[in-house]
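Observations on chain architecture
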Amino acid sequence: MQSSTGRPRRRGGGSESPVEQHEGHGLASADVRFDDPWYDALASGWGELDGPGGPAQAAVDARESRSEAAADVYLEVQRSAAFQEVRSRYRRFVIPGVAVFFTWYVAYVVTAVTAPGLMARPVAGAVNVAMLAGLGQFLTTFLFTWAYARHARLRRDRAALDLRWDTQELTRGVRGGVR
């Protein structure tokens with residue numbers, strides 16, 4: 001059987017039915033291999049054998065120690081003053097911004113439900129208060145988006161990029177060289 005890339009899916013290259021392999025004794029795990037480019041069994045640790053069928057313990061231990069060391073690097077960065085400052089700047093902008101925007105949205109909806117006469121009041125021709133408030137919702141969405149992007153660019157992006165660079169350097173040292 002072949003995959004969509006035209007390569008055989010099984011190493012055996014034999015019959016289409018897995019039951020027919022090994023004279024009807026079922027599948028042997030080493031005989032079936034899927035060539036899916038989005039799934040790399042060896043990268044996840046599955047399928048690595050050491051000798052007569054046991055897992056490659058040295059490779060598993062090394063991978064676990066590297067992942068624990070990388071986790072320590074990320075925890076160290078998370079505890080750093082620079083990371084806390086970036087998070088603090090983020091929160092100082094986002095929490096009030098969300099509060100103001102949510103209050104404005106709820107006020108619009110509540111006013112539309114409880115005061116239909118006010119919302120129906122004409123302002124200019126066929127344009128009424130409800131239409132202006134609805135357009136104001138769109139306008140404030142764009143305004144908050146612009147303000148958030150500006151705040152991120154001016155107050156957080158450089159510090160976050162420095163943190164990312166430092167983190168990559170630290171994890172590269174833990175992994176043992178350049179990838």
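Residues numbered from 1 in each chain as written. Predicted model: local features only at pLDDT ≥ 70, side-chain atom pairs only at ≥ 80, totals over all residues. Heavy atoms only, no water.

As annotated in an unreviewed UniProt entry, the protein is DUF485 domain-containing protein from Streptomyces gottesmaniae.

Structural notes on the overall build of the protein
Looking only at helices and strands, the protein features five helices and four strands. Each helix (α) and strand (β) of the protein, taken in turn from the N terminus, gives the series α-β-β-α-α-α-β-β-α. Per-residue burial over the protein gives 13% buried out of 179 residues. In the protein, the proportion of contacts linking residues at least 24 apart, taken out of those at least 6 apart, comes to 47%. A total accessible area of about 13,600 Å² is found for the protein, and carbon and sulfur atoms account for 62% of it. (Helix = DSSP H or I, 4+ residues; strand = E, 2+ residues; numbered from the N terminus. Buried < 20%, exposed > 50% of the residue type's maximum accessible area, 1.4 Å probe, protein only. Contact = heavy atoms within 4.5 Å. Areas by Shrake-Rupley, 256 points an atom, 1.4 Å probe, with all protein chains shown as cover.)

Quick notes on the pattern of salt bridges
Summed over all chains, the structure comprises two salt bridges. Between Glu85 and Arg92 there is a salt bridge, and its shortest N-O distance comes to 3.4 Å. We classify Arg92 as exposed; its relative accessible area is 53%. (Salt bridge = Lys/Arg side-chain N within 4 Å of Asp/Glu carboxyl O.)

Focus: the side chain of Thr140
Mapped onto the elements, Thr140 comes out in helix α5 (residues 129–175). Residue contacts for Thr140: discarding those within four places in its chain leaves Phe101 and Trp104.

A closer look at the UniProt feature "transmembrane region" (unreviewed entry) in the protein
The positions that UniProt labels "transmembrane region" (unreviewed entry) are, in the present scheme, residues 93–115 and 127–149. With 96% helix and 0% strand, residues 93–115 has its two end C-alpha atoms placed 32 Å apart. End-to-end, the C-alpha atoms of residues 127–149 are 32 Å apart, and along that stretch the chain is 91% helix and 9% strand. (UniProt positions renumbered as here; feature names shortened; annotations may be inferred.)

Some thoughts on the packing of aromatic side chains
For the coordinates displayed, the defined rule picks out two aromatic pairs. Ring geometry for Phe93 versus Tyr148: centroids 6.0 Å apart, planes at 50°, classification tilted. Highlighted residues: Phe93 in helix α3 (residues 81–114) and Tyr148 in helix α5, separated in sequence by 55 residues. Centre to centre, the rings of Phe101 and Phe144 are 5.7 Å apart; their planes meet at 85°, and the pair counts as edge-to-face. Of this pair, Phe101 sits in helix α3 while Phe144 sits in helix α5, and the two are 43 residues apart along the sequence. Note on Phe101: relative accessible area 26%, which makes it partly exposed. (Phe/Tyr/Trp six-rings, centres within 6.5 Å; stacked < 30°, edge-to-face > 60°.)

Re the environment of Met131
Mapping Met131 onto the fold places it in helix α5. Sequence spacing of Met131 and Met119 is 12 residues, and the spatial spacing of their C-alpha atoms is 8.1 Å.

Regarding a nonpolar patch on the surface
Together, Val98, Phe102, Tyr105, Val106, Val109, Val110 and Val113 make up an exposed nonpolar region whose accessible area comes to about 620 Å². Examined against the element boundaries, Val106 turns out to sit in helix α3. The class of Val106 is partly exposed, set by a relative accessible area of 33%. (Patch = residues over 30% accessible without salt bridge, like charges linked within 9 Å, V, L, I, M, F, W, Y side chains within 5 Å.)

Section: α3
The first and last C-alpha atoms of α3 sit 48 Å apart over 34 residues, in line with the 50 Å expected at 1.5 Å per residue. Considered for burial, the residues of α3 that qualify are Val86, Val94 and Gly97. (Expected span 1.5 Å × (residues − 1).)

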